[in-house]
Each structure stands twice: as C-alpha cells, then as structure tokens.
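# Observations on the three-dimensional arrangement
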Amino acid sequence: MIRYSLVDHATNGTASGAMRDIRDASQIHHTEGGWFSARWHFSFDDYRDPDRMGLGPLRVFNDDRLIPGAVWPLHPHRDVEGITYVVQGTFEHKDSAGNGGILLPGAVQRATLGSGMWHSEGNASATEPLRFLQFWILPDAPDLPPSVQQQQFERSDRLGRWLRVVGPAQHDPILVHQDASVHVAALEPGHEISHPIEEGRGAYLYLIDGAGSFDDRQVDSGAAAAITDAAAVSVRASAPSELILVDVPLDWTPVGVWAGRG
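These lines cover the structure that appears in this document, whether it is placed above or below. Keep in mind that this is a model prediction, so the values were computed, not measured. Every chain is numbered independently, its residues counted from 1 as its sequence is written. Totals for whole chains, interfaces and linings use all residues, but because this is a predicted model, local features are given only for residues with pLDDT of at least 70 and pairs of side-chain atoms are given and counted only at 80 or more. Side-chain descriptors were evaluated using all non-hydrogen atoms of the structure, hydrogens and water having been removed beforehand.

## What to know about the environment of Leu207
Note the following rule: A helix here means a DSSP run of H or I that spans at least four residues, while a strand means a run of E at least two residues long, and both kinds are numbered starting from the N terminus. Each residue is assigned to one of three classes by its accessible area relative to the maximum for its type, calculated with a 1.4 Å probe on protein chains only: buried under 20%, partly exposed between the two thresholds, exposed over 50%. Throughout, a residue-residue contact means that at least one pair of heavy atoms, one from each residue, lies within 4.5 Å.
Inspection of the secondary structure assignment puts Leu207 in strand β18 (residues 201–209). Judged by relative accessible area, which is 2%, Leu207 ranks as buried. Along the backbone, Leu207 and Ile244 are 37 residues apart, and their C-alpha atoms lie at a distance of 6.8 Å. Beyond its immediate stretch of four places on either side in the chain, Leu207 contacts Phe214, Val219, Asp220, Ser221, Gly222, Ala223, Ser241, Glu242 and Leu243.

The structure is reproduced here in structure tokens:
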C-alpha cells in the first residue's frame, strides 16, 4: 500500500485528511470459490477490514470471474444501487421483478435494489469464462422501487477518452440515485487522459487491464487508486488499457439500512 497521507475510511462523513492510496493487484483481497474467483476491493461477505470500508457512498467494488455456465444464485439486497460493467464473456441477469437480459463486454447495468429485490448473475456461455465488475453505490433515498436500466457501449465509444456512462442527471445514459458518476476508457499506448475532481469529492480509479501510470506512479493490470486530495487525476497508457473511474461525494448521508452505520 502507498499512502501519501491519512484519511478517514468510514462509510460516511467527510474525509479527515488528504490521501492518495494506490494498491497493485496483489494488495487487493483475493478469494477463490471453485466456480468463481474475485478480487474484493472493500470489505465484503466474509472479508472484513476496517480500513477498507469504501469511499463515500461507494461501498463495494468487486472484480468477479465465473467459470463457463456458473450462476450466482438469486440473492437479496436492500438500499443499494448495484452497478455492473462487463469486461469479458456473456453476462446474464435475472431478478425477482421479472427483468432479465444478456450483456456483452462494454455493457453497463444499474439495478436499483431499493425496497428489496432478489437478483442473480450468471455466465450465459457454456464454454467461455465471464469477467465483470460489480459495485454498490448507496442511494440518496431509502426504499426506492426496484428497477433495472442497462445499455451496451462499444470500445470506439470510449477509445482515447473518458466516457460517462452513469450519473444522476436525466441526460446521463444510465441514471443512478446518488450524486455520483461512472466513467470508462480504452487507451492505446501513448494515450493520456485526465479527470477533474471537484472540491469535496473523491475518485476511485481501477486499471482493469493494461499498463501505464496514474499521475507519475507506474501501474499494471489490477492496480487501483482512491484519490481525495487532488484537483484532477491523469492516466497515461504504455500498453492497450481498459479503465473505470467512480466519482463520488465525500460528505453524504446514509439512508435506509445503512443509516447509523460507520
């Protein structure tokens, strides 16, 4: 772990100091389940680390891989905006509200698991592995009606730039019930892009695949950075690279089942 200074890692409230926290893949919790493997960036399921409880309302960030034909069975969540980004393979969604669908690489889905909805994730291919990112953004209102919104994006849409795929505005491609946004990028060697970070906000940056630098720090596939002390963060690619960035407020109010937790 590389910490340039300290920060309050609680799931709510304002950061008590400035921090730029960069981890490589080996420093992120790894779990194996036989039919799945995953890297859990923050405390999740039986992984507990009080220093890894999220960033603002970003509470969970998982990089999941399923073997061919594997299905994560139906399970419930409450007061969660579940965001899925498909990296490789064929993702299949099912839920207790009757929604369903197949998502291919580059697709993004938001599942509002507000007042309670069971959902499952599965590998729709019998021969190819599946890799997807799934993270929770905690909503700004409790007991939201369950809903699903999803959209397919192409690599050309994000090539050489940050593509905003999720946000709170009606004109955003996918709506999230929180003052947060999600951005994805595909970079070729030599490409450099920057993302501004407004005062009072933070960013979680993940190098899904590739190599390059976060500002002046060299990074490889699987590196992640939690940034709360900068006006912007820049990324430069030294190999073909795929990235995702989540921009969140650091001062926010937990609601519903999350109220009072910290």
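From this point, things continue past the structure.
## Some words on the pattern of salt bridges
Short version of the rule: Salt-bridge detection follows one rule: a side-chain nitrogen of Lys or Arg within 4 Å of a carboxyl oxygen of Asp or Glu.
For the coordinates displayed, the defined rule picks out twelve salt bridges. A salt bridge links Glu81 to Arg110; its shortest N-O distance comes to 4.0 Å. Of this pair, Glu81 sits in strand β7 (residues 80–88) while Arg110 sits in strand β10 (residues 108–113), and the two are 29 residues apart along the sequence. Judged by relative accessible area, which is 0%, Glu81 ranks as buried. Linking Arg201 and Asp247 is a salt bridge whose minimum nitrogen-to-oxygen distance equals 2.6 Å. Taken as a pair, Arg201 in strand β18 and Asp247 in strand β23 (residues 241–249) lie far apart in primary sequence, 46 residues in all.

## Section: the sheet that holds strand β22 (residues 232–237)
Test applied: In short, DSSP must find at least two bridges between two strands for them to pair. Angles run from 0 to 180 degrees between N-to-C directions of axes, and those axes are lines fitted to C-alpha atoms, restricted for helices to the stretch in contact.
Spatially, β17-β22-β19-β20 is the arrangement adopted by the four strands of the open sheet, whose pairing is antiparallel. Of all the strands in the sheet, the pair left with one neighbour each is β17 (192–196) and β20 (217–220). Each adjacent strand pair in this sheet contributes to an overall mean axis angle of 25°, direction not counted. As judged from the three bridges shared by strand β19 (residues 211–214) and β22, these two strands associate in the antiparallel manner. By the bridge assignment, Gly212 is partnered in β22 with Ala237.

## Some details on the sheet that holds β7
Strand order in the open sheet formed by seven strands is β3-β4-β5-β12-β7-β10-β13, with antiparallel pairing between adjacent strands. The two strands at the open ends of the sheet, each matched to only one other strand, are β3 (29–32) and β13 (147–151). Neighbour-to-neighbour, the strand axes of the sheet open up by a mean angle of 20°, direction not taken into account. Relative to strand β5 (residues 58–66), strand β4 (residues 36–40) runs antiparallel, the two being bridged by five bridges. Bridging across to β5, Arg39 finds its partner in Asp63.

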